Amino acid sequence: MLMIIIFNLFSNVLAQNVEESLPSFEQPILITSAGQSAEVQLASVLAKRAGLEATLSKLATVEELTDKKTLVLVIGASLKGLGAAGLDVDEEKKRVRSLIEEAQAQDIPLLCLHLGGGARRGQLTDDLITSFLPSAQMVIVLESGNQDGLFTRICEENNIPLIAIEKTIDVLDLLKRIFPSKGAERPESMPWETITEVQTGSRASFGLGSV
Amino acid sequence: MVVAAHPLAAQAGLKLLKKGGNAVDAAVATAVTLNAAEPFASGIGGGGFMVIYLAQAKKVTVINYREKAPSRAFPEMFFSEGKLKSEWKRTHGLAVAVPGALAGWTYALKKFGTKPLSEVAEEAIAIAERGLTISQTFSAINKDEYEKLILNDGEESCYLNHGLPYEPGDTFKNPDLAKTLKTLVLKGSEEFYKGDIARKIVKAVQNKGGVMTLEDLARYEPVEQEPLVGRYKDFTLCTLFPPGSGGLHIIQLLNIAENWPLKQWGPNSPLYIHHFSEALRFVFADRARYLGDPEFMNIPVQSLLSKAYASEIASKIQPDRLLNSYPSGSFDERKDETENTTHLCVIDKNGNIVSLTQSINHFFGSGIVPEQTGFLLNNHMDDFANDPDSINAPRPGRRPVSSMGPLILFKKQEPFLVLGSPGGTRIFPSLTQIILNIVEFGMSLDEAIEAPRFFTHSSQGQAREVHVESRIPSSVIQSLEGIGHKVIIRQAYDKYFGGAQGLLILKEKNLILGGADSRRDGSGAGY
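All residue numbers refer to position in the chain's written sequence, counted from 1. To read the labels, note that chains go from A and ligands from 1, taken in the order they are written. Side-chain atom pairs in this predicted model are given and counted only at pLDDT of 80 or more, local residue features only at pLDDT of at least 70, and totals for whole chains, interfaces and linings cover all residues.

Visitor: Is there a simple way to think about the overall build of chain A in this case?
Guide: Segments assigned H or I by DSSP are reported as helices when at least four residues long, segments assigned E as strands when at least two residues long, and all are numbered from the N terminus. Helices and strands together make up the secondary structure of chain A, namely 7 helices and 8 strands. Whether two residues are in contact depends on their C-beta atoms, placed from the backbone: they are in contact if these lie within 7 Å. The contacts in chain A between residues at least 6 apart in sequence include a share of 79% that link residues at least 24 apart.

Structure representation (C-alpha cells):
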C-alpha cells in the first residue's frame, strides 16, 4: 500500500494505523552517503542516539554489507564533499549503484534519507534522487526538501512509503519505530497524535497542512 | 549607510552612525555584530582588512589585520612521513593562525574612531544574549559544517542545537560570546592577547595538536599601510597590497579588460565569459608564482599591474579556442573549495568610507571554540601553499596570501563605488565582474551584484572547469563548450561565488545606493 505520511504537522487521527503500516527494518545497519553531503554524519549521530547498531562509512563498498541487515543511504550532493573524497559525481554514482545492487542480491532493504532540505536540492542531488530513490523500501525526507513534490512523485510511482518530517530531530523517533528489535524500544507515549496519513493522489495537500 | 551580510549587523552600524559615530565606529560595530549574528563567517577568532577613506583629508589608508603564522610554523608542518595531511590545514590545531581581528578593530577605533569599544560592541552583546532567528542560510551552512563542529567542539557545541544543526526559525543564543565581549569591553584587547582569553585560545589550539603559544598572541600587531592604486579608464581603484591579493588581481583583470570591446560583446555573452576565463587563468598563474607576504619578500607589484603586461596577456587570448598554456606555477588545485568570509561597507554623513572584509576562513573556521568563550578560531593556515618550496609556504610570523579585496573605486577623484565580497578565490573574479557590470554594461548596483556569475582558474598551466550559475542561458553554455571549456553548472544563486556588499555614490544625483547580495543574508540600512 502506498503511504505518504507527514510527520509532526497536524494534531490528530490515524496514529495507530500509521504505526502499524510503517515498514520494519533490522539491525545492524550500514549508513553511507550518496553525494558526500554532511547530512550523512547527521544520520549517524541520530542513529547512535536511537540506540541503533550502526556503522558509518561515507564511501562504503560492497564488502561492508557483510552481516548488515539494512542499508541506509543519505542522499545529498556536495561538490565540497565530493572534492574532499576525491570523487566526481559519476564515480560516486557507480559506487552507490554497486552497493545497492549487492544489497538487493543479499535481500538487504534500502532506507533512503534526505535531510538537507531545500538547500540541498539542485541538479546534482536531483540526479542522485531519481537514480536511487526507486530502489528504496522507505524514504524519509525533510519536508522543505520536497516542496516541488519530487519525492512524492517518485514514491507514488514506485509504491514506496514516504515520510516527510518537519525537523531533523523528528528522524530520531522514526528510527526508534522502524528499528524495533535491538537497542531502542518503542516508547510508551509516542506523540502519535502529531502524525497523519495522506493517501495516494493527495499530492496537492502534501506538506501544506490541508488534508 | 551600512551594508553587511546580516540585517542585525547593518542595523548595529546604523545605530552608531545615528549616535554621531563616524564610518570607522560604525564599521567596527557592524564587524563585531557579525561575530554574533553571522558567527560562521568572521569574528574575533579571525582576521581581515579594512580600506578607509578619510573625506576631509581626501586620503585612503588600509589596516591589515590578517592573521599570522605561529612562531613554530615551518614549510613542511602539514606533512607526515612525506604525505600532505590536508585535514591538519583545516580542522586541526595546526590550522589556526594567530587571530588579528580584535587588534585591528582596536587600532582602527583608537586612530580613526570616536567611540569606545563599550559603545561599539553594545549591539553584538545584546544579540548574543537575547538570540536571533536562524535563517535558511545559517541553517544550511550549519548543516554543511556539522561534521567539523562535532569533531572539534562536540555535541555540546554552542553552535549546535542540542547536538544537531540549527533549523530555520530556531533561536540561536550565544551567552558565552556575550560574556567574552563584556570582558573585552572591561579589560580591553590585552585580555585577548595576554590575559585569560589568550590562555584559553592557546589551550584549545594545543589540545587539538597546534603549536600556537602565548608569545605568538602577545606579539600580534596589525599594520597600517598605503593603499594599492590602479586605474581603469576614468576610474581609480584603491585597495590592498598583498598579502591581500584580491585587489591586485582585480586591477590586473581590469587592465586586461581595457583591451576588449566589452559593450559590443555584452554581459555574460560567450565571448565575454571566454575571454574573462582565459584572463583569469593567466592571473591565477601569476598568483602562484609571485604572491606571498611582502614583509618577507619582494613582490613585483608594479610589473604585474603594468598596462603593457596586461596588453601582452590580452593579445595571447584567442577568441575561438582555449590556450591551455598559461605561465605555469604551483597553484594548489582545490577540489573542495568552500564558501567563507564576510564583507561590509559604511559611509557616514561626512563622506568617510570603510570597505572591510574579514574572515575566519572556511565557514565555522577550524570548528575549535576555546572553552566557554563562544567564538570560533580560524583555519587560515590553510591559505598557505601546500608546496614547501612555494613563496607562500608557512613560515614563522608570516601572513598567508588572501583573496580578499575590499575596495573603493573613485570617479574623477570622488568616491563612486565601495565594494567587497567573501568567497575565497572567487572574490576577485566576482568583484571584477560586478565592477564591469556597472561601469561597462550600465547595470544598477543591485543588478550588478545579482547578475549570474562564473569562475575558473588554471593549475599547472592547464585550464580548469568554468563554474557558472544556472541562470546563465544554456545557449551560452553550449557556446562555451563548443570553444572547449568544460562547464560545471551550479545553483542559480550560489554562495560559492561569494556574497558581495556595495555602496554606489551618485554625487550628481545626491544619492547613495546600497547593494547587498541575496546569495547570503545581505542587508542595508541607512537614514
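Visitor: Help me out: how do you make sense of the confidence of the model for chain B in this one?
Guide: For any part of a model where pLDDT is low, the fine detail of the predicted coordinates should not be relied upon. All names here are of chain B. Confidence of the predictor at the level of single residues is given by pLDDT, which spans 0 to 100. Per-residue confidence for chain B gives a mean pLDDT of 93; residues scoring 70 or more make up 98%. Note that pLDDT drops below 50 for residues 328–334; the model gives that stretch 18 contacts with residues more than four away or on any other chain. Scored as a complex, the prediction yields pTM 0.84 and ipTM 0.75.

Visitor: Just to check I follow, could you spell out the domain arrangement of chain B for this structure?
Guide: In many reports, interface size means the accessible area that the parts give up when they come together. All names here are of chain B. Residue ranges assigned to each domain were obtained from an automatic or database domain assignment. The domain architecture assigned to chain B consists of domain 1 (12–221 + 356–383) and domain 2 (225–335 + 404–525). The centre of domain 1, based on its C-alpha atoms, is set 27 Å off from the matching centre of domain 2. Opposite the 17 residues of domain 1 that make contact, domain 2 presents 17 residues. Of all the secondary structure elements, the ones that give two or more residues to the side of domain 1 that touches domain 2 are strand E2 (47–54), strand E3 (59–65) and strand E12 (353–362). In terms of residue count, the dominant contributor to the side of domain 1 that touches domain 2 is E2 (5 residues). Polar here means any residue other than Ala, Val, Leu, Ile, Met, Phe, Trp, Tyr, Cys and Pro, which are nonpolar, and Asp, Glu, Lys and Arg, which are charged; Gly is therefore polar. When its residues are assigned to classes, the side of domain 1 that touches domain 2 shows 9 nonpolar, 7 polar and 1 charged.

Visitor: What am I meant to see in the nonpolar core here?
Guide: In globular proteins that are soluble, nonpolar side chains generally tend to be buried together. Connectivity within a nonpolar core runs through C-beta atoms within 7 Å, and the core itself is a set of buried Ala, Val, Leu, Ile, Met, Phe, Trp, Tyr and Cys residues. With C-beta atoms placed from the backbone, the exposure class of a residue follows from how many other C-beta atoms lie within 10 Å of its own: 20 or more, buried; 12 or fewer, exposed; in between, partly exposed. By size, the foremost hydrophobic cluster in this structure holds 223 residues, and its most contacted members are Val139(A) and Ala27(B). Two domains share this core, each providing at least three of its residues, namely domain 1 (12–221 + 356–383) and domain 2 (225–335 + 404–525) of chain B. With residues up to four places along the chain from it excluded, the contact list for Ala27(B) reads Gly13(B), Met50(B), Leu344(B), Val346(B), Val354(B) and Leu356(B).

Visitor: Honestly, the interface of chain B and chain A in this entry has me stumped. Any pointers?
Guide: Contacts between the two partners involve 17 residues from chain B and, on the opposite side, 15 residues from chain A. In terms of residues, the side of chain B that touches chain A owes the most to one element, helix H6 (residues 136–144) of chain B, which gives 4 residues.

Visitor: Just to check I follow, could you spell out the environment of Leu82(A) for this structure?
Guide: Residues and elements named next belong to chain A. For Leu82, the position within the fold is in helix H3 (residues 79–85). In this structure the C-alpha to C-alpha distance between Leu82 and Ser37, which are 45 residues apart in sequence, comes to 7.9 Å. Apart from residues lying up to four places away in sequence, Leu82 is in contact with Gln36, Leu87, Asp88, Val89 and Glu92.

Visitor: It is not clear to me how the pairing of strand E5 (residues 110–114) of chain A should be interpreted in this structure. Could you clarify?
Guide: In regular strands, side chains alternate between the two faces of the sheet. All names here are of chain A. For E5, the tally of buried residues reaches 5 of 5 residues, placing the bulk of the element in the interior. Residues Leu110, Cys112 and His114 line one face of E5 and the alternating positions Leu111 and Leu113 line the opposite face, and both faces are buried. Think of it this way: DSSP has to see at least two bridges between two strands before they count as a pair. Pairing analysis gives 4 bridges linking strand E4 (residues 70–75) to E5, with the strands arranged parallel. Considered in E5, the bridge of Leu71 is made with Leu110. Direction of pairing for E5 relative to strand E6 (residues 138–142): parallel, over a ladder of 4 bridges. Directly across from Leu113, in E6, lies its bridge partner Ile140.

Visitor: Before we go on, may I ask you to explain the sheet that holds strand E18 (residues 466–469) of chain B in this structure?
Guide: Strands in a sheet are paired, the pairing made by backbone hydrogen bonds, and the direction either parallel or antiparallel. All names here are of chain B. Spatially, 3 strands are ordered E15-E18-E19 in an open sheet, and the strand pairing comes out mixed. The strands lining the two open edges of the sheet, one partner per strand, are strand E15 (454–455) and strand E19 (487–490). By the bridge criterion, 4 bridges tie E18 to E19 in an arrangement that is parallel. Bridge assignment links Val468 to a residue of E19, and that residue is Ile489.

Visitor: What's the story with the confidence of the model for chain A in this structure? I'm lost.
Guide: All names here are of chain A. Looking at chain A, pLDDT values average 81 and 75% of them are 70 or higher. Confidence over residues 7–16 falls short of pLDDT 50; this stretch has 28 contacts with residues more than four positions distant or in other chains. Scored below 50 in pLDDT, residues 183–211 shows 60 contacts in the model against residues more than four places distant or in partner chains.

Visitor: Sorry, what's going on with the packing of helix H2 (residues 23–37) of chain B against helix H3 (residues 101–112) of chain B here?
Guide: For any two helices packed against each other, the geometry is given by the interaxial angle and the distance between the axes. Residue and element names in this part refer to chain B. With their axes 9 Å apart at the nearest point, H2 and H3 run at an angle of 160° to one another. In terms of orientation, H2 and H3 fall into the roughly antiparallel class. The interaxial crossing formed by H2 with H3 has left-handed handedness. In contact with Val24, Asp25, Val28, Ala31 and Val32 of H2, H3 contributes Trp105, Ala108, Leu109 and Phe112. Classifying every residue of the contact of H2 with H3 gives 8 nonpolar, no polar and 1 charged. Lines fitted to C-alpha atoms define the axes, with helix axes restricted to the stretch in contact, and inter-axis angles between N-to-C directions lie between 0 and 180 degrees. Oblique is the label for any angle not under 35 degrees, not over 145, and not in the 65 to 115 range, which are roughly parallel, roughly antiparallel and roughly perpendicular in turn. Less than a right angle of anticlockwise turn of the near helix away from the far helix marks a crossing as left-handed, whereas a clockwise turn marks it as right-handed.

Visitor: Where do I start with unusual backbone geometry in this structure?
Guide: The bulk of non-glycine residues show a negative phi, and the bulk of peptide bonds are trans. Between Gln27(A) and the following residue, Pro28(A), the backbone shows a cis peptide bond with an omega angle of 0°. Its identity as a non-glycine residue notwithstanding, Lys412(B) has a phi of 50°, on the positive side. Residue placement: Lys412(B) occurs in the loop between strand E13 (407–411) and strand E14 (414–420). A residue is classified by how many C-beta atoms lie within 10 Å of it, and Lys412(B), with 9 of them, is exposed.

Visitor: Sorry if this is basic, but what is going on with helix H5 (residues 122–130) of chain B here?
Guide: It helps to recall that an α-helix has 3.6 residues per turn; residues three or four apart then point in one direction. Looking only at H5(B), the buried set comprises Glu122(B), Glu123(B), Ala124(B), Ile125(B), Ile127(B) and Ala128(B). Looking one or two places after H5(B), you find Gly131(B), whose phi comes out positive at around 90°.

Visitor: Can you walk me through the packing of H5(B) against helix H8 (residues 175–187) of chain B in this structure?
Guide: Residues and elements named next belong to chain B. Contact pair H5 / H8: the axes reach a minimum separation of 7 Å and the direction vectors enclose 155°. In terms of axis orientation, H5 runs roughly antiparallel to H8. Considering only the axes of H5 and H8, their crossing is left-handed. Together, Ala124, Ile125, Ala128 and Glu129 of H5 and Pro175, Leu177, Ala178, Leu181 and Lys182 of H8 make up the contact between the two elements. Classifying every residue of the contact of H5 with H8 by side-chain character gives 7 nonpolar, no polar and 2 charged.

Visitor: What should I look at first to understand the environment of Asp127(A) in this one?
Guide: Residue placement: Asp127(A) occurs in helix H5 (residues 123–132). Distance in space between the C-alpha atoms of Asp127(A) and Lys93(A) is 9.4 Å, their sequence separation being 34 residues.

Visitor: Could you clarify how one ought to interpret the sheet that holds E3(B) in this entry?
Guide: Residue and element names in this part refer to chain B. Spatial ordering of the open sheet is given by E8-E3-E2-E12-E11-E1-E22, a layout of 7 strands whose pairing is antiparallel. Each having just a single partner strand, strand E8 (223–225) and strand E22 (523–525) make up the two edges of the open sheet. In this sheet, adjacent strand axes meet at a mean angle of 15° when their direction is disregarded. For E2 and E3, the ladder comprises 7 bridges, and the chain directions are antiparallel. Directly across from Met50, in E3, lies its bridge partner Ile63.

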